[in-house]
Amino acid sequence: MPETLVYRKSPPSLLPLYGKALLAKQTQGGGELTVPELSASLLGVSTGGGNLKRYQTVCGFVPHSHLPLTWPHVLAFPLHLKLLTEKTFPLPLLGLVHLRNTITQHRPIGAGENLDISVCLGNSVKSSRGMEFDLITEARSAGKLVWEEASTTLFRQPQDDGKSPGKKPPPELERYPNTLTLKAEESIGRQYARVSGDSNPIHMHALSAKVFGFPQAIAHGMWTKAHALAILEQQVGWRPGAIRVSCQFKKPLFLPGTAQLNWQTEDKGWDYQVLNAKGDAPHLSGRIDWL
């Protein structure tokens, strides 16, 4: 079992990690990829400060005495990047696709509360699209688990016969009774990058996004999820406390862009989705469950 990398109060610096991310990686031969057992911890990190306030503004959260549900993801991001740029991690960072994200919060976390955050790689599987694996994050306060996350990531690979899997027709889109307009300005990728550290070039400018095959810059998936939650938690019926919020990332939201936040409420939970401006295709879809 590899040794866990441990940081105290301050995470690893992002600039050297992005330098490593630009270096070419040699994938394992024979078509067989193995995601190594890597882990890292950040001990005694404060959850407050000016960057939290800027994050709340960029994502649209109303300031509270407790943290936005997605804020620990940002605190853990330097650890994510550290593991994904390790020499023993065989996949190129810029070739990875964020598929799904599930956050479970066991209780509200106070702004300024100190946390111990741990991250590891796990649950790697070979799918029809390539290699999938999870970035698994846990946050503890005074030794007790208060928040956890699984972010599923894909590295695309052709099938063994050299053929790409055929596209399945999308399932019929269900529409929910509640809808609000969501706007993403052209600069939101740069704004979110400044508060989150996630400076992937596909989010920053149209020119850098075109290098990777996108006609325009695209919004961060985790900004879209956070902004949707910031709006939903202001709606009648939202309940504080233990909660699980999952989502699947679908079509990219090009910047600048307009979308529809569409949701339905039930006693045990809510279904939500972010649709394109026409309302006929999803950018993301998800579920909120109170525990």
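The rules behind each value
Residues numbered from 1 in each chain as written. Predicted model: local features only at pLDDT ≥ 70, side-chain atom pairs only at ≥ 80, totals over all residues. Heavy atoms only, no water. Axes fitted to C-alpha atoms, helices over the stretch in contact; angles between N-to-C directions. Helix = DSSP H or I, 4+ residues; strand = E, 2+ residues; numbered from the N terminus. Parallel < 35°, antiparallel > 145°, perpendicular 65-115°, else oblique. Left-handed = near helix turned anticlockwise from the far one by under 90°. Contact = heavy atoms within 4.5 Å. Nonpolar A, V, L, I, M, F, W, Y, C, P; charged D, E, K, R; others polar. Phe/Tyr/Trp six-rings, centres within 6.5 Å; stacked < 30°, edge-to-face > 60°. Buried < 20%, exposed > 50% of the residue type's maximum accessible area, 1.4 Å probe, protein only.

Description of the packing of helix 2 (residues 50–59) against helix 4 (residues 188–196)
Packed helix pairs are characterised by how far apart their axes lie and by the angle those axes make with each other.
Turning to step 1, where the next piece is worked out: Contact pair helix 2 / helix 4: the axes reach a minimum separation of 9 Å and the direction vectors enclose 155 degrees. The pairing of helix 2 with helix 4 is recorded here as roughly antiparallel in orientation. Seen from above, helix 2 lies across helix 4 with left-handed handedness. Taking contact as the criterion, the partners of Asn 51, Arg 54, Tyr 55, Val 58 and Cys 59 in helix 2 are, on helix 4, Ile 188, Gln 191, Tyr 192, Arg 194 and Val 195.
Turning to step 2, where the next piece is worked out: Considering only residue class, the contact of helix 2 with helix 4 consists of six nonpolar, two polar and two charged.

Thoughts on the packing of aromatic side chains
Centre distance and the angle of the planes are the two values used to describe a pair of aromatic rings.
Turning to step 1, where the next piece is worked out: Using the criterion set out here, one finds seven aromatic pairs in the structure.
Turning to step 2, where the next piece is worked out: Where Tyr 55 meets Tyr 192, the ring centres are 6.2 Å apart and the plane angle is 50 degrees; that geometry is what we call tilted. Here Tyr 55, found in helix 2, pairs with Tyr 192, found in helix 4; they are 137 residues apart in sequence, far enough to count as distant.
Turning to step 3, where the next piece is worked out: Under the relative-accessibility criterion, Tyr 55 is labelled buried at 0%.
Turning to step 4, where the next piece is worked out: For the pair Trp 270 and Trp 290, a centre-to-centre distance of 5.3 Å together with 75 degrees between the ring planes defines the contact as edge-to-face. Placement of the pair is Trp 270 in strand 10 (residues 269–276) and Trp 290 in strand 11 (residues 282–290), with a sequence separation of 20 residues. The same class applies to Trp 270 as to Trp 290, namely buried.

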